[in-house]
Each structure stands twice: as C-alpha cells, then as structure tokens.
Amino acid sequence: MNQSNTKMQRLAVIFVFANLLFNYPLLALFNRAVMLGGIPLLYVYVFVAWALLIGLLALVIERR
C-alpha cells in the first residue's frame, strides 16, 4: 500500500469516528443539566470532541 492510500484510509476512519461523536445518541448522553466550571456539559463535550478531531486530523495529515 502506498503512503497516500494509507492516509486516505485513516482520514476515512476519522470521518466515521466524527460522525459517531456528533450523532444523536452520544449527544443525548451529554445533554444534562450539569455544569462544569459554569459551562454546560454538552458544550464541554462538543468542544473537547472537536479539539480531539482536529488533533487527530493534524496527526494524520502531517505524518510522513
């Protein structure tokens, strides 16, 4: 397998993972009346998941 094909497969896996993270069943788990540091739990989850995805994408794209 060449390097670009492997990179494309990893990006496809990240895409599927992102769809799972931001799909209704997982979002519903974090939609509670709980505050973390004055921020609703759902907002914390969305921003942490978003940051995780950005980190994973940077890792895959920048790797040689």
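Below or above, wherever it landed, is the structure these notes cover. Owing to the predicted nature of the structure, the values given are computational and were not obtained by experimental measurement. (Residues numbered from 1 in each chain as written. Predicted model: local features only at pLDDT ≥ 70, side-chain atom pairs only at ≥ 80, totals over all residues. Heavy atoms only, no water.)

Digging into the nonpolar core
The following threshold applies: We call a set of buried Ala, Val, Leu, Ile, Met, Phe, Trp, Tyr and Cys residues a nonpolar core when their side-chain atoms join them within 4.5 Å. To sort residues, take the accessible area from a 1.4 Å probe on protein chains only and compare it with the maximum for the residue type: under 20% means buried, over 50% means exposed, and anything in between is partly exposed. Strands here are runs of E lasting at least two residues and helices are runs of H or I lasting at least four, both read from the DSSP assignment and numbered beginning at the N terminus. Only heavy atoms matter for contacts: two residues are in contact if any of them lie within 4.5 Å across the pair.
Counting residues in each nonpolar core, the largest one holds 7 residues, listed as I14, A18, L21, Y45, A49, L53 and V60. Looking at this core, the elements with two or more residues in it are α1 (3–21) and α3 (41–62). Looking at this core, the element that brings in the most residues is α3, giving 4 residues. Apart from the residues lying within four places of it in its own chain, the contact partners of I14 are L53, L56, L57 and V60.

A short note on the packing of aromatic side chains
Rules: Stacked, tilted and edge-to-face pairs are distinguished by plane angle, under 30 degrees for stacked and over 60 for edge-to-face with tilted covering the rest, among Phe, Tyr and Trp rings (Trp via its six-membered ring) whose centres lie within 6.5 Å.
Applying the stated rule across the entire model yields 2 aromatic pairs. With a centroid separation of 4.1 Å and 10° between ring planes, the pair formed by F30 and Y45 is classed as stacked. Here F30, found in helix α2 (residues 24–30), pairs with Y45, found in helix α3; they are 15 residues apart in sequence, far enough to count as distant. Owing to a relative accessible area of 25%, F30 belongs among the partly exposed residues under this scheme. Relative accessible area serves as the criterion here: at 12%, Y45 is assigned to the buried category. Their ring planes at 40° and their centres at 5.9 Å tell us that F47 and W50 sit as a pair that is tilted. With F47 and W50 both in helix α3 and 3 residues apart, the pair spans about one turn of that helix. Take W50: its relative accessible area is 48%, and that puts it in the partly exposed class.

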